[in-house]
Structure formats: structure tokens, C-alpha cells
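Understanding the architecture of this molecule
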Amino acid sequence: MSKCEQCIVREFSSLKALNKEEILRIADCKSSYTIKKGEPIFSEGENVNGIFCIKDGVCKMTKLSANGNEQILKLITKGELLGQRSMISDEPVNLSAVALEDMEVCFIPKNEVMRFFNQNNQFSMNVLKNICGDLKEADDHLVAMAQKPVKQRLAETLIYLFDSFGTNPDKSLNIKLSREEIASMVGTATESCIRLLSDFNKQGVIQLSGKKIIIPDRDKLSKLTQ
């Protein structure tokens, strides 16, 4: 049995629609990489010409503003695919993907993926559903940035990190993000993020221990998102 058949990416992504023969084709044409923490998988404006399968690790999807500030739009973790939209639209990628920790990724060339897209209806539907889901997330993010106060956005971001990545035994978030990266996700200045985290700490909603953010009671934090 090929490693692609057992891979977590196949189980949780559009690739689950592929049959054994198609998976074996992927195994023959894919390239595997180790991406070190801080390194890009790809950069904004690059022609990727295929999709990346995230076998292990987490990366941040970022966009540079006109003044050079980095905005983190979402985090991508193992089991997910990167590059589907730009592959279908035949455009350069409009975001950068940068490793937050050491990652294991595989690359599948566009010509092979498009063969599956044209021949396997369920696979093509899965890809389109994922792209539609990304568009919905982008719409929700735009509305949140325009209408919700920073305090609420920070609480929602912490809840997202709690739900998506879990916690350590001491209830600290099981993902290591700098204060700058959290501020970038929230869409605010680092100083404002640090001040609000301190306020949350004083209110007993979270606990700060060095760089750790401890969430002892999710429900208590969740009240700040309403």
C-alpha cells in the first residue's frame, strides 16, 4: 500500500475522492519537502503550478499591505491543501505561506491534478467546495474587520486557536505565536494587542505566563465574543 493511500491529507482533503489508481499516480509524480520554521512554502505573486499537501506542521497565510505590514489571514495545518484556487484560476498565488514550525509537505504538479479535475467529478466538486469555503471565510473576515471592535476580534482569535489547536496540560495554547503574529491575525497594532491581553489577564479571562497564553475557562472567554 502506497504512503499516499495512508496519508492524513487524503483523509481530510479533496483528495479523498480519488480512487486507488489515481492515488498511485500521485505517489509517482509528487515531490516531498521539509520546510523549516520561518521558511516560505511559496510567496505572494509566485506561479505555483500545482498544489501542496500539508502532511505535518502549521503555516500562516499572509498578505503584505501597501506599507509593508504583514496581515495573517488564516492558519493552515496538516491534512489541508494549498494552491487550489490559483491552480483553477491559472493565476499567481495572492498570499504567502510561511511555516510556523518545521513542516512536511508534498507537491503535486498542476497537469496531474487537472487530469483528476477533468475525469473525477467528485474530486472537482470537492475542490470547488473548498474554494467556496475560502471565499465565505474571506467575506466573514472582511465584515469582522469592518464592524467588530478589536476586543471582540481578539477574543474570537483566541477561541479559534483554542478550538483548532487545543491546549497543553497546563491549559496553555498548543500553538506558539508571537504577540506580533496574534496582533496580525486580529488586525491591530502589536501594542494594542499586548494591552488587551493584559486586560483579559486582569479580568481573569486568560492567564499570561511569559509567552504562554493560558485559557482556563473557554466559556468565560467566549462571552467576550458576543
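Just above sits the structure.
The notes below deal with the structure included here. Not measured: the values here are computed from a predicted model. (Residues numbered from 1 in each chain as written. Predicted model: local features only at pLDDT ≥ 70, side-chain atom pairs only at ≥ 80, totals over all residues. Heavy atoms only, no water.)

**Observations regarding the overall build of the chain**
When helices and strands are tallied, the chain shows 10 helices and 10 strands. The C-alpha atoms of the chain give a radius of gyration of 19 Å, which matches the 17 Å a tight globule of 226 residues would have. Viewed in the frame of its principal axes, the chain has a C-alpha envelope of about 55 × 40 × 30 Å. Residue pairs at least 24 apart in sequence account for 68% of intrachain contacts in the chain once pairs closer than 6 positions are excluded. Computed over 31 positive and 30 negative side-chain charges, the inter-centroid distance for the chain is 4 Å. (Helix = DSSP H or I, 4+ residues; strand = E, 2+ residues; numbered from the N terminus. Rg over C-alpha atoms; globule rule 2.2 N^0.38 Å. Contact = heavy atoms within 4.5 Å. Lys, Arg positive; Asp, Glu negative; His and termini not counted. Charge placed at Lys NZ, Arg CZ, Asp CG, Glu CD.)

**Some details on the packing of aromatic side chains**
By convention here, two paired aromatic rings are described through the distance between centres and the angle between planes. What the rule picks out here adds up to four aromatic pairs. Judged by centre distance (5.8 Å) and plane angle (40 degrees), the ring pair of Phe42 and Phe52 falls under tilted. Within this pair, whereas Phe42 is found in strand S2 (residues 40-42), its partner Phe52 is found in strand S3 (residues 50-56), the two being separated by 10 residues in sequence. The pair formed by Phe42 and Phe52 is uniform in burial state, with each residue classed as buried. For the pair Phe116 and Phe123, a centre-to-centre distance of 6.3 Å together with 90 degrees between the ring planes defines the contact as edge-to-face. Feature note: the residues Phe42, Phe52 and Phe107 constitute an aromatic cluster, connected by ring pairs. (Phe/Tyr/Trp six-rings, centres within 6.5 Å; stacked < 30°, edge-to-face > 60°. Buried < 20%, exposed > 50% of the residue type's maximum accessible area, 1.4 Å probe, protein only.)

**Looking at empty space enclosed by the protein**
Where empty space is left can be seen by rolling a probe of water-molecule size over the atoms. Applying the stated rule across the entire model yields one cavity of 30 Å³ or more. Taken together, Lys3, Cys4, Cys7, Val9, Arg10, Leu15, Ile26, Lys30, Cys53, Lys55, Cys106 and Ile108 make up the full set of residues lining the largest cavity. In the lining of the largest cavity, the residues fall into eight nonpolar, no polar and four charged. (1 Å grid on protein atoms, 1.4 Å probe; cavity = no way out; pocket = protein on both sides within 12 Å on 5 of 7 lines; lining within 4 Å. Points joined across faces, edges and corners; volume = space filled by probe spheres on them. Nonpolar A, V, L, I, M, F, W, Y, C, P; charged D, E, K, R; others polar.)

**Considering the environment of Lys223**
Relative to the assigned elements, Lys223 resides in the segment after helix H10 (218-222). On the accessibility criterion, Lys223 (60% relative accessible area) is exposed. In this structure, the C-alpha to C-alpha distance between Lys223 and Ala155, residues 68 residues apart in sequence, is 8.7 Å.

**A closer look at helix H3 (residues 20-29)**
All of the buried residues along H3 are Glu22, Ile23 and Ile26. Axial view of H3: buried residues confined to an arc of 100 degrees, hence all on one face. Within H3, the exposed residues directed more than 90 degrees away from the buried face are Lys20, Glu21 and Asp28. (Arc of directions from axis to C-beta.)

**Examining the side chain of Ser172**
Position of Ser172 relative to the elements: it lies in the loop between helix H7 (150-165) and helix H8 (179-186). Using a relative accessible area of 1% as the deciding quantity, one classes Ser172 as buried. Polar side-chain contacts of Ser172 include one of 2.6 Å to the side chain of Asp170. Those residues in contact with Ser172, other than ones at most four positions away along the chain, are Gly166, Thr167, Lys212, Ile213 and Ile214. (Polar contact = N/O pair within 3.5 Å; in protein donor to acceptor, adjacent residues only side chain to side chain.)

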